[in-house]
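Examination of the molecular architecture
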Amino acid sequence: MRIEPLTCHIGAELFGVSLADAAHDEALFAEIKAALLKHRVLFLRDQDISRQDHVAFARRFGELEDHPVAPSHPDAPGLVQIYKTPDTPIDRYENAWHTDATWREAPPMGCVLRCVECPPVGGDTMWANMALAYEMLPEHVKAQIANLRARHSIEASFGAAMPIERRLALKAQYPDAEHPVVRTHPETGEKVLFVNAFTTHFSNFHTRENVRFGQDANPGAGQLLSYLISQAYIPEYQVRWRWQKNSVAIWDNRSTQHYAVMDYPPCHRKMERAGIIGSATF
Ligand code: SIN
């Protein structure tokens, strides 16, 4: 296997490897996992593998989970269909910078995404390195956010495009989750900036330093949260990948955000994603 970095800070392409083989080869899988921890997102071309091999490879990392809004493939439970065609509903948008499913108490540790059909041009996906985003923050901001926690909501994201009854039912099933604003990566020990498009507000902003008058709370917290969320938009932290049929991306969901560029309608784009269950963030 050959590994070629795609930018200075995030992303590498793997050559000379089939994920169908890696699904059954301990040593090869260990090499890929080490590369994932180092580069955060890995890319492969020409992975003409079966859905069962896709699932088997992803399951080397851990159990898979379905998604409450997008269906899983009937022949491959755990393989979520992110299909965008003119007939698919609008509430499946992915074009916001996000870490997958942080509205769960234990968000996924990673994902394996394969392109099944893509537009002739457009439909790229971008990823951002959120460990670097944390590292590059000014020291006074690091000090201010060191103990902050924030709420993440499926209701305020996917739910916002739904009729009220469906939205409230979704919220009842998936209540908001709370995570530290600075998460420690469970495998590398790095600090990671952990707020994204699913984050609605800080849950413990009201210290003496932050809130002198009640009047301070909303603009102070809101501006800080917007500033932190906007760090993923910085190009120096990003990699952008152009898909072809059977291209695969594997990402570490604990230290990255991503954004699927929706510039291709009315063309079709069909992706299948195995989301791997992660651990609580504390
Ligand atoms: C996702 O947001 O997990 C899917 C990304 C994509 O479709 O490119």
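Residues numbered from 1 in each chain as written. Predicted model: local features only at pLDDT ≥ 70, side-chain atom pairs only at ≥ 80, totals over all residues. Heavy atoms only, no water.

Note the following rule: UniProt positions are given in the numbering used here, feature names are shortened, and annotations may be inferred rather than shown by experiment.
As annotated in an unreviewed UniProt entry, the protein chain is TauD/TfdA dioxygenase family protein from Dyella halodurans. Turning to the protein chain, the UniProt annotation filed under Sequence similarities (unreviewed entry) states: "Belongs to the TfdA dioxygenase family."

**Section: the nonpolar core**
The test is simple: Here, nonpolar core refers to any group of buried Ala, Val, Leu, Ile, Met, Phe, Trp, Tyr and Cys residues whose side-chain atoms link them within 4.5 Å. A 1.4 Å probe rolled over the protein chains alone gives each residue an accessible area, and that area as a share of the maximum for its type sets the label: buried under 20%, exposed over 50%, partly exposed in between. By definition, any uninterrupted DSSP run of H or I lasting at least four residues is a helix, any uninterrupted run of E lasting at least two residues is a strand, and each is numbered from the N terminus. Segment limits for the domains were obtained from an automatic or database-derived domain assignment. Two residues qualify as a contact provided that any one of their heavy atoms is within 4.5 Å of a heavy atom in the partner residue.
Among the nonpolar cores identified, the biggest contains 30 residues, and Ile145, Val181, Leu193, Val195, Phe202 and Leu228 are the most heavily contacted of them. Mapped by element, the contributors of at least two residues to this core are β7 (125-129), α4 (130-135), α5 (139-145), β11 (191-193) and α7 (214-229). In terms of residue count, α7 provides more of this core than any other element does, six residues in total. When residues of this core are sorted by domain, at least three fall in each of domain 1 (2-129 + 237-276) and domain 2 (131-232). Discounting chain neighbours no more than four positions away, the residues touching Phe202 are Leu148, Arg149, Ala150, Val181, Ala221, Leu224, Leu225 and Leu228.

**Concerning the domain arrangement of the protein chain**
Definition in use: As used here, buried area is the combined drop in accessible area, with a 1.4 Å probe, of two parts when they are placed together. Basic side-chain nitrogens of Lys or Arg form a salt bridge, by our definition, when they fall within 4 Å of a carboxyl oxygen of Asp or Glu. For this scheme, ten residues count as nonpolar: Ala, Val, Leu, Ile, Met, Phe, Trp, Tyr, Cys and Pro. Four count as charged, namely Asp, Glu, Lys and Arg, and the remainder, Gly too, count as polar.
Along its sequence, the protein chain is carved into domain 1 (2-129 + 237-276) and domain 2 (131-232). Counting residues at the interface gives 30 residues for domain 1 and 33 residues for domain 2. Of the roughly 2,700 Å² buried at the junction of domain 1 and domain 2 (both faces included), carbon and sulfur atoms supply 58%. The interface formed by domain 1 and domain 2 contains three salt bridges. Glu190 is the salt-bridge partner of Arg40, the closest N and O atoms lying 2.6 Å from each other. A per-class count over the side of domain 1 that touches domain 2 returns twelve nonpolar, ten polar and eight charged.

**Thoughts on the site of the ligand**
Rule in force here: Whether a residue is near a molecule or strand depends on its heavy atoms: it is near if one of them lies within 4 Å of it. In protein, a polar contact means a hydrogen-donor-capable atom and an acceptor-capable atom, both N or O and within 3.5 Å, with residues adjacent in sequence counting only if both atoms are side-chain atoms; elsewhere, any N or O pair within 3.5 Å suffices. Where accessible areas are quoted, they stem from the Shrake-Rupley method and a 1.4 Å probe; at the residue level, only the protein chains shown are allowed to cover.
Around the ligand, the structure places Ile82, Glu94, His98, Asp100, Leu113, Thr125, Trp251, His258, Ala260, Arg269, Met271 and Arg273. Between an oxygen atom of the ligand and a side-chain N or O atom of Arg269, the distance comes to 2.7 Å. For the ligand, whose free accessible area comes to 260 Å², the fraction covered by protein is 100%. Broken down by secondary-structure element, the contributors of at least two residues to the shell around the ligand are β15 (256-260) and β16 (269-276). Here the residues of the shell around the ligand sort into five nonpolar, three polar and four charged.

**Digging into the sheet that holds β7**
Heads up, the condition is: Following DSSP output, two strands are said to pair if at least two bridges run between them. Between the N-to-C directions of two axes lies an angle of 0 to 180 degrees, each axis being a line fitted to C-alpha atoms and, for a helix, fitted only over the stretch in contact.
In space, the three strands of this open sheet follow the order β13-β7-β15, with antiparallel pairing throughout. Pairing within the sheet leaves two strands with one partner each, and these edge strands are β13 (238-241) and β15. Direction aside, neighbouring strands of the sheet carry axes that sit 20 degrees apart on average. Judged from the four bridges that link them, β7 and β13 form a sheet pairing that is antiparallel. Paired with Thr125 across the two strands is Trp241, which belongs to β13.

**Thoughts on the pattern of salt bridges**
One pass over the full model with this rule turns up 17 salt bridges. Here Arg59 and Glu63 are joined by a salt bridge, their closest N and O atoms 2.8 Å apart. Looking at Glu63, the relative accessible area reads 47%, which means it is partly exposed. The salt bridge partner of Arg104 is Glu65, with a shortest N-O separation of 3.2 Å. On the criterion of sequence distance, the pair formed by Arg104 in the loop between β5 (76-84) and β6 (110-117) and Glu65 in the loop between α3 (51-59) and β4 (72-73) is long-range, its members being 39 residues apart. The network of salt bridges with shared partners includes Lys33, Glu187, Asp252 and Arg254.

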